Amino acid sequence: TVAGYLRWRCALGEFWLDEVWTWDICQQMTWPGGLFYQLREENNHYLNTLWIWLLGREAWWGWYRLLPVLCGVGAVVLAWRLAGSRVAHSPGTEGSSDLAAGIASGLTATSYLMIHFSSEARGYAYAVLFAAWAFSVLPSLVDTQLQNLQSGQSPTPVPGRLLLWFTLACCGGFLSQPVFLTCYGAMGIWVFLKLRRTVDSGH
């Protein structure tokens, strides 16, 4: 509730130059596929541009920021889930998951940058949401693969639902903002280090 209130109140302010720029260039589109070849602008954050184009030129300006606000609130929920689940599965941290989840969601909800970038019609709020979504699924995918490596029995198939969610989250991230590439690279490093640590420990 707090996260949504803060973001929506900030979203009621005036448009920034980049938002006006996006609103202007999206008028060049004639169909959704035009995102990829009709707009040759660095400010073309695909999902955000598509949202503004779908709303049309005469929409109430507040609607342009509605989806980023919802993405910002969703990121807070995922921060709560991520912190709680990671602590709950760590040895020696019994009873600390609720505290970790509260701190993570509280910091995400009240962070100035998180509020700012999820209260304007640009692609950063989308990218944060999809990055958190992808990383919330990734540990389960990696654990399944580790079980396959450690087991002498027939491999356990990767759950199709988790693989689909991770794929959709990564596609959404890349369509949100190019900065998602750094998140994707960080997840790759995390997977590499986790696999190496497991192999070195002999487990």
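Residues numbered from 1 in each chain as written. Predicted model: local features only at pLDDT ≥ 70, side-chain atom pairs only at ≥ 80, totals over all residues. Heavy atoms only, no water.

Participant: Talk me through the overall build of the protein chain; I want residue IDs and the actual numbers.
Facilitator: The number of helices and strands found in the protein chain is 10 helices and zero strands. Written out in order from the N terminus, the α and β elements of the protein chain read α-α-α-α-α-α-α-α-α-α. Here the protein chain holds 203 residues, and the buried ones make up 38% of them. Counting contacts in the protein chain only where the partners sit at least 6 residues apart, residues at least 24 apart contribute 67% of the total. Here the protein chain displays about 11,800 Å² of accessible surface, and carbon together with sulfur accounts for 66% of that area. (Helix = DSSP H or I, 4+ residues; strand = E, 2+ residues; numbered from the N terminus. Buried < 20%, exposed > 50% of the residue type's maximum accessible area, 1.4 Å probe, protein only. Contact = heavy atoms within 4.5 Å. Areas by Shrake-Rupley, 256 points an atom, 1.4 Å probe, with all protein chains shown as cover.)

Participant: So what's going on with the confidence of the model for the protein chain? Which residues, and what values?
Facilitator: For the protein chain, per-residue confidence averages 86 on the pLDDT scale, and 88% of positions sit at 70 or higher. Ranking the helices and strands of the protein chain by mean pLDDT puts helix α3 (residues 46–55) first, with 94, and helix α8 (residues 124–150) last, with 86. (pLDDT = per-residue confidence, 0-100.)

Participant: Please give an account of the packing of aromatic side chains that cites residues and values.
Facilitator: In total, this model carries nine aromatic pairs according to the counting rule given. A centroid spacing of 5.0 Å and a plane angle of 80 degrees characterise the contact between phenylalanine 174 and phenylalanine 180, whose relative ring orientation is edge-to-face. In this structure an aromatic cluster arises from ring pairing among Trp8, Trp60 and Trp63. (Phe/Tyr/Trp six-rings, centres within 6.5 Å; stacked < 30°, edge-to-face > 60°.)

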